[in-house]
Amino acid sequence: MNSKVSHSVLDAIGNTNLYQIKHIAEPGSANIFAKCEFKNPTGSHKDRVFNYIINELEACGVIKPGMTLVDCSTGNGGAALAQIGSLKGYKVVIFMPAGMTIERKTQIQSFGAEIIETPSNAFLEYAEQKAHEYVREHPNSYFLDQSSNQLNWRAWCQCGVEIVEYFRALDQKVDLFVCSIGTGGTFSGIAEQLKAAFPNMKTVAVEVEQSAPLYAKLHRQEFVHSPHNLMGLGPGKIAKNLREDLVDDVEMVSGDDSWNMMKKLIREEKLFVGPTAGSNMFVTQKYARTLGLDKNIVTVLFDSAWKYFSIWDGKYTEYESHRTIV
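Computed from a predicted structure; not experimentally measured.

Peer 1: Describe the environment of G89, and please don't skip the residues or the numbers.
Peer 2: Relative to the helices and strands, G89 is located in the loop between helix 2 (76-88) and strand 4 (91-97). Judged by relative accessible area, G89 falls into the partly exposed class, the value being 39%. Counting along the chain gives 61 residues from G89 to G28, while the straight-line C-alpha distance between them is 52 Å. Not counting chain neighbours up to four residues away, the residues in contact with G89 comprise P65 and G66.

Written out as structure tokens, the structure reads:
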């Protein structure tokens, strides 16, 4: 009997299954397929990002074990970096806006990483400033900067290849790709591969209503960032990893609609996902109604529901910090 034996947690990153939505699919609508990135080792899509970035930087001699790796995160990226960094022999420091869930903090700390919280109202831009300061003041440290590092979106090209190969094996094509944007890496890397393989396909970038800089830019509106309950989305700026040339349409989604859809996915599809997966699915269903039969839409299920147990009602609450807020 032939079997593939995994010798490391890192071997389990990527190659997630593409699940066809069945129970909440609406009659007469397009087929919906969801890439199950929440099944990665730390429970989110960010494992792909940091495994790729670290491997590439090591290959170029930019970083090496023994150094301190620094980044900013609302939680998923921090956990991915903390685990991968620990496995590869790095110290990890995560700058995180205050108010993220206790589950996210605990996971990061369980891998031995340090969390330095920054004021919640300044969100990620201030966290990035503090990360730059930290690296300047601490020799032998390196700021990975997932928001601006172009290796972020390149990490997602492989995921796009996986989707392309799936549909080519079925002798079918992708008609629409729907994906929420935070750093923009997931959207950009997958969209590039899908558009190359299926030139007539379209894309929809999804932003949270309270922080939609791309939507504001395209509609020539003033952009104002407001607090919201969709961790990982709405960072308060258009990230440098977003390939705007790959965006065909932009859709905004509310936190309430996202959380309600998340619970519907858990209850009816048995997909144990977080609220940003709900964001993607809410918008995907909207487009599926108009796209029609025999069309295929692909979206992404980013992270796992257990990361949100402490705010299961969807009400965003700041937690008391056991770290210094700088």
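Peer 1: Describe the packing of aromatic side chains, naming the residues involved and giving the relevant values.
Peer 2: Within the structure shown, the criterion is met by 8 aromatic pairs. Here the aromatic rings of F95 and Y134 are separated by 5.9 Å at their centres, their planes lie at 70°, and the arrangement is edge-to-face. Remark: Y134 occurs in helix 4 (residues 123-137) and F95 occurs in strand 4; sequence separation between them is 39 residues. The class for F95 is buried, based on a relative accessible area of 3%.

Peer 1: Tell me about helix 3 (residues 102-110), and name the residues and values.
Peer 2: Among the residues of helix 3, those classed as buried are E103, R104, K105, Q107 and I108. Contacts from the buried residues of helix 3 go to helix 2, strand 4 and strand 5 (114-118). Of the residues flanking the end of helix 3, it is G112, one or two places downstream, whose phi is positive at about 90°.

Peer 1: Could you give an account of helix 6 (residues 157-169), naming the residues involved and the relevant values?
Peer 2: Along its 13 residues, helix 6 runs 18 Å from first to last C-alpha, staying within 8% of the 18 Å computed at 1.5 Å per residue. Where helix 6 is concerned, the buried positions are C157, C159, G160, E162, I163, V164 and F167. Looking one or two residues past helix 6, D171 carries a phi angle of roughly 60°, positive in sign.

Peer 1: Quick rundown of the pairing of strand 10 (residues 296-301)? Include the residues and the values.
Peer 2: Summarising burial for strand 10: 6 of the 6 residues are buried, a large majority. Neither face of strand 10 is left uncovered, since the one carrying N296, V298 and V300 and the one carrying I297, T299 and L301 both have all their residues buried. Of the pairings in the sheet, the one linking strand 2 (residues 31-36) to strand 10 comprises 6 bridges and is parallel in character. Bridge assignment links I32 to a residue of strand 10, and that residue is I297. With 2 bridges joining them, strand 7 (residues 176-180) and strand 10 adopt parallel strand pairing. What sits directly across from L176, in strand 10, is I297.

The rules behind each value
- Residues numbered from 1 in each chain as written.
- Predicted model: local features only at pLDDT ≥ 70, side-chain atom pairs only at ≥ 80, totals over all residues.
- Heavy atoms only, no water.
- Helix = DSSP H or I, 4+ residues; strand = E, 2+ residues; numbered from the N terminus.
- Buried < 20%, exposed > 50% of the residue type's maximum accessible area, 1.4 Å probe, protein only.
- Contact = heavy atoms within 4.5 Å.
- Phe/Tyr/Trp six-rings, centres within 6.5 Å; stacked < 30°, edge-to-face > 60°.
- Expected span 1.5 Å × (residues − 1).
- Pairing = 2+ DSSP bridges.

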